Each structure stands twice: as structure tokens, then as C-alpha cells.
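# Tertiary structure, described
Chain residues, written in single-letter form:
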Amino acid sequence: MNHKVICWDCGMEIEDPYADTCHRCGGLLTVKMDLEPVKEMKPEDLASRPMGVWRYHPFLPIDVDKAITLLEGGTPLYPCHALEEDIGMQRLHVKYEGANPTGSFKDRGMTVGVSRAVAVGAKVVGCASTGNTSASLAAYAAKAGLRCAVLLPSGKVALGKLAQAMFFGASVISIDGNFDDALRTVRELADENYLYLLNSINPYRPEGQKSVLFEIMDQLSYEVPDRIILPVGNAANIWAVYKALTELQEVGWIDRMPMLTGVQADGSMPIVQSFQTGRDDFDPVPTPETVATAIRIGNPVSGRKALKAIYSTRGCAVSVTDEEILQAQRMLGRREGVGVEPASAASIAGLIKLRASGEVCKDEKVVCICTGNALKDPDTIIKSCPPPMQSKADASAIKRLLQA
Ligand SMILES: Cc1ncc(COP(=O)(O)O)c(C=O)c1O
Ligand SMILES: [Zn+2]
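What you are looking at is a predicted structure, and each value in this text was computed from that prediction instead of being measured.

Turning our attention to the sheet that holds strand S6 (residues 147–153). Strands sit in the order S7-S6-S5-S8 across an open sheet of 4 strands; the sheet is parallel. Looking at strand neighbours, the two that pair on one side only are strand S7 (171–175) and strand S8 (196–197), the edges of this open sheet. Bridge count between strand S5 (residues 124–128) and S8: 2 bridges; the pairing is parallel. By the bridge assignment, Val 125 is partnered in S8 with Tyr 196.

Right, let's talk about the site of ligand 1 for a bit. Surveying the vicinity of ligand 1 reveals 19 residues, the closest of which are Gly 233, Asn 234, Ala 294, Thr 371 and Gly 372. Listing elements by their share of the shell around ligand 1, those giving two or more residues are helix H3 (132–144), helix H8 (236–250) and helix H12 (342–356). Counted by class, the shell around ligand 1 contains 7 nonpolar, 11 polar and 1 charged residues.

A separate point is the packing of helix H7 (residues 211–219) against H8. Running from N to C, H7 and H8 point in directions that differ by 55°, and their axes come no closer than 7 Å. As far as their axial angle goes, H8 and H7 are oblique. Contacts between H7 and H8 pair Val 212, Leu 213, Phe 214 and Met 217 from the former with Val 241, Ala 244, Leu 245 and Leu 248 from the latter. Its residues assigned to classes, the contact of H7 with H8 comprises 8 nonpolar, no polar and no charged.

Here we come to the domain arrangement of the protein chain. If you check the domain split of the protein chain, you get domain 1 (1–34) and domain 2 (77–103 + 205–384). Taking only C-alpha atoms into account, the centre of domain 1 sits 27 Å from that of domain 2. Taken together, the 4 residues of domain 1 in the interface contact 4 residues of domain 2. The class makeup of the residues in the side of domain 1 that touches domain 2 is 4 nonpolar, no polar and no charged.

In terms of strand pairing, S6 meets S7 through 5 bridges, oriented parallel. Within the sheet, the bridge partner assigned to Pro 153 lies in S7 and is Ile 175. With helix H4 (residues 159–167) bridging S6 and its parallel neighbour S7, the resulting β-α-β unit is right-handed.

Further remarks concern the nonpolar core. The biggest cluster of nonpolar side chains holds 119 residues, and the ones touching the most others in it are Val 125 and Val 241. Looking at this core, the element that brings in the most residues is H8, giving 9 residues. Structurally, this core is a two-domain feature, drawing no fewer than three residues from each of domain 1 (1–34) and domain 2 (77–103 + 205–384). Those residues within four positions of Val 241 in sequence are excluded, and the remaining contacts are Val 212, Leu 213, Ile 228, Leu 230 and Leu 260.

This paragraph deals with the pairing of strand S11 (residues 316–320). Judged by how many residues are buried, S11 sits mostly within the fold: 5 of 5 residues are covered. Both faces of S11 are covered, namely the face carrying Cys 316, Val 318 and Val 320 and the face carrying Ala 317 and Ser 319. Relative to S11, strand S10 (residues 259–265) runs parallel, the two sharing 5 bridges. Counterpart to Gln 264 in the pairing with S11 is Ser 319.

Right, let's talk about the sheet that holds strand S4 (residues 91–96) for a bit. Pairing is mixed in the open sheet, where 6 strands are placed in the order S3-S4-S12-S9-S10-S11. Two strands close off the open sheet at either side, each with one partner strand: strand S3 (77–79) and S11. Pairwise comparison of adjacent strand axes, ignoring direction, gives a mean angle of 25° for this sheet. Where S4 and strand S12 (residues 365–370) come together, 6 bridges link them in parallel fashion. When the bridges of S12 are listed, Arg 91 appears paired with Lys 365. Helix H10 (residues 303–312) contacts S10 and S11 of the sheet and is inclined by roughly 135° relative to S10.

Calculation rules
Residues numbered from 1 in each chain as written. Chains lettered and ligands numbered in written order. Predicted model: local features only at pLDDT ≥ 70, side-chain atom pairs only at ≥ 80, totals over all residues. Pairing = 2+ DSSP bridges. Helix = DSSP H or I, 4+ residues; strand = E, 2+ residues; numbered from the N terminus. Near = placed C-beta within 6 Å. Nonpolar A, V, L, I, M, F, W, Y, C, P; charged D, E, K, R; others polar. Axes fitted to C-alpha atoms, helices over the stretch in contact; angles between N-to-C directions. Parallel < 35°, antiparallel > 145°, perpendicular 65-115°, else oblique. Contact = placed C-beta atoms within 7 Å. Domains from an automatic or database assignment. Right-handed = clockwise from strand over helix to strand, strands pointing away. Core = buried A, V, L, I, M, F, W, Y, C linked by C-beta atoms within 7 Å. Buried ≥ 20, exposed ≤ 12 C-beta atoms within 10 Å, placed from the backbone.

Next comes the structure, spelled out in C-alpha cells:
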């Protein structure tokens, strides 16, 4: 065993594979990796495997030969010169997580989480989801031959994500309530060992999600960026990125950390509210609302971990309006040819706001993580773009339209 699961709050070792919190203090769980063998290695020693989650297997708590994988990760890191010009910066990259097998970063955590489910002998897996987790879990459960149940907030899941969960054969259950209600319910089922929970409260999920940071470092030849910006919903991803940074520091592969910067929507910003008052805990937002449905979460399970990640790296948390999110989404599409869903565009919107206020300097080296593909939410795009022009099938009529 190259790892153990411990309580993040009291340090107690957790043996029960179905536990999602500490039975002594109720704290959040985390994986403690034994990185002693990695201290003998260099980044180049991993390069014989293709870029992707499992290239970084010495940092992962699952044996690579037992991985349930769809060859996730290995996503592009785009230099964005047009956006640099628009925003007034010199060194901006976008890590495009929409290029994952089911179109979001969730696949990174799910390959590790579902591999763990198989390792502990689970037959049924489940999650609550704003959409992407369910799409990803459904695909990996199909690959592993497991039954899968997903609980979704009624009417608030983007069409592409819903279609994916149904298509991959999950039992899709629409809940009267929001994501937080769905999560509470699925946790009850997990507490009864009725299913193996694969929300990001499961400490194996963030383990896989660490790989986005490992890849960014690889792609930047281990030159640490000044800042990494990402959207924050349930808050596991920013924690995973932080955990990856601490592990790279532990093995001596980096000697400083980027400022981790979390972006939330104005209507759903419990972490930003805490950051503004310097608190390390947060008050849930009872009725979160935003066009970025993936981050429409008022009671982020990993919220305290996210705050730790932000404070420890001297980063910050900022909120943006829905209009700023949609504008940033269009800008990234039209200036860079990169299509992301609204939640993902929040990272660009956050950057624009922080650059305008001077918090981000023009020569900072910044990476924005854009977490999901534009095709996940076609309805929002169709509503925010001009409709197609109508024409008869006639070349001169079309020329007239194009001149108008
Ligand atoms: C596209 C997208 N971006 C960001 C997030 C937020 O990630 P986290 O919940 O880990 O903060 C999610 C979560 O569902 C998502 O689907
Ligand atoms: Zn504890």
C-alpha cells in the first residue's frame, strides 16, 4: 500500500472503505501518499508513459495495472495571445479540460475513484451532480461494468450532461431540490452502504484531479506559473491542485507555489464571502443561482479545504456576474477558438476582473483552468448568440446576407 486515508481534521487513520467522513470527529478525509520512492525520481522518469492521468502513477493511490481508464487527461495547454492582447497581459495559458473523454475534468478523478470502487468490491456506484460528475461516472461505471445511480437537481442540469448520463446507461433520478439536497440524499444511501459514493468528498477523486496540475507543470517544463485560476463549486478541484503542489514540493520537483485563485458566481459565492472577511470556514448560501449551473452550489463540501488552498498560496477568491461569465465564454470562443461551458468561463471572467482592478499584474504568468466543454450546455450558447440567418438556397441571396 503506497497510501493511507486519514482524517484531514484530526489525523485519524480511516479503515472503512465506505466512510466519507471521520467517524471520530466528522472531519473531511484525505489521502496521505507515501512519496519516499518518488524522492529518488525526476520528472523525466515519468515521460515514457503518454501524457495523461496515469503518467503520474507514483503520486496515485491505485496500482496503474488495475486502472479503469478511458485514457483521460493529456489535455492541451493553449497559449492565448489574442486574449493576452484583449486583457492586457503577456503570458496567459488556458488548460482545456473540455478535451477529456466525457468533456470535463471530472474524468481525471473518476478514473481513480471508479478504480477504487472496483478494488473494494463495490457493485453499485452513485453520485449527486450538477451534471458533469454524473456524465463522467456513468461512462466509467459502464467501462467497469458497475451499476450506476445519479441524482440530479430537477431542471437545472445542462442538456449535454443529462444526455450523457442517460446514454451511458446510468439510472438517472431527478431530485426536487438543488445540488446540495441531492448530495445529502445520496450520502444517506452511501451511509447505509447501499452504494459506493463517488462525489468529490470521496478522497480518491481529488487524487486523480491532482493530475491537471502535474500536466500543467510538465507542459511548462516545470517553470512554476505565478497564478492558477479556476472555477469553484463544490471546491474539490482547487483543493486537488493545491494537494498536487504540496506533493511536488515534498519530492523537491518545485520550490514555490502559484497563487491559487478561485472564481465563483455572484449568486453562489460562499467561499468568496469567507475570503473577503478572512475566515477559514464558510456560511452556506441557501438558494444558489447562476447561469453557470456546474458551480451552482451553496454548501461546498470541500469549502474549508479550498480556503486553506487559497490562503496557503497567497491567492484569492473573486466573484463574477452571469453576464461577465457569458462575455468571457464568447471571448474565448471568438478570439481563441476554444469552446468552454459557462462555469469554465468563470476562470477567464475572474481573470478579466482581477486584471482590471490591478490585482493581477500584466507580466504575471497565468494559467486558467477551463473545466468543461462548450457542447455540454448548448442551450445557454444558443440563447447568448444571434440566431442563424434564414435564406433560400441561392448564392446571390446569401451574398446579400453576408454583406449586410
Ligand atoms: C465544468 C465545471 N467546472 C467547475 C466545477 C467546480 O469544481 P469543484 O466542484 O471541484 O469546485 C464543476 C463541478 O461540477 C464543473 O462541472
Ligand atoms: Zn477526525
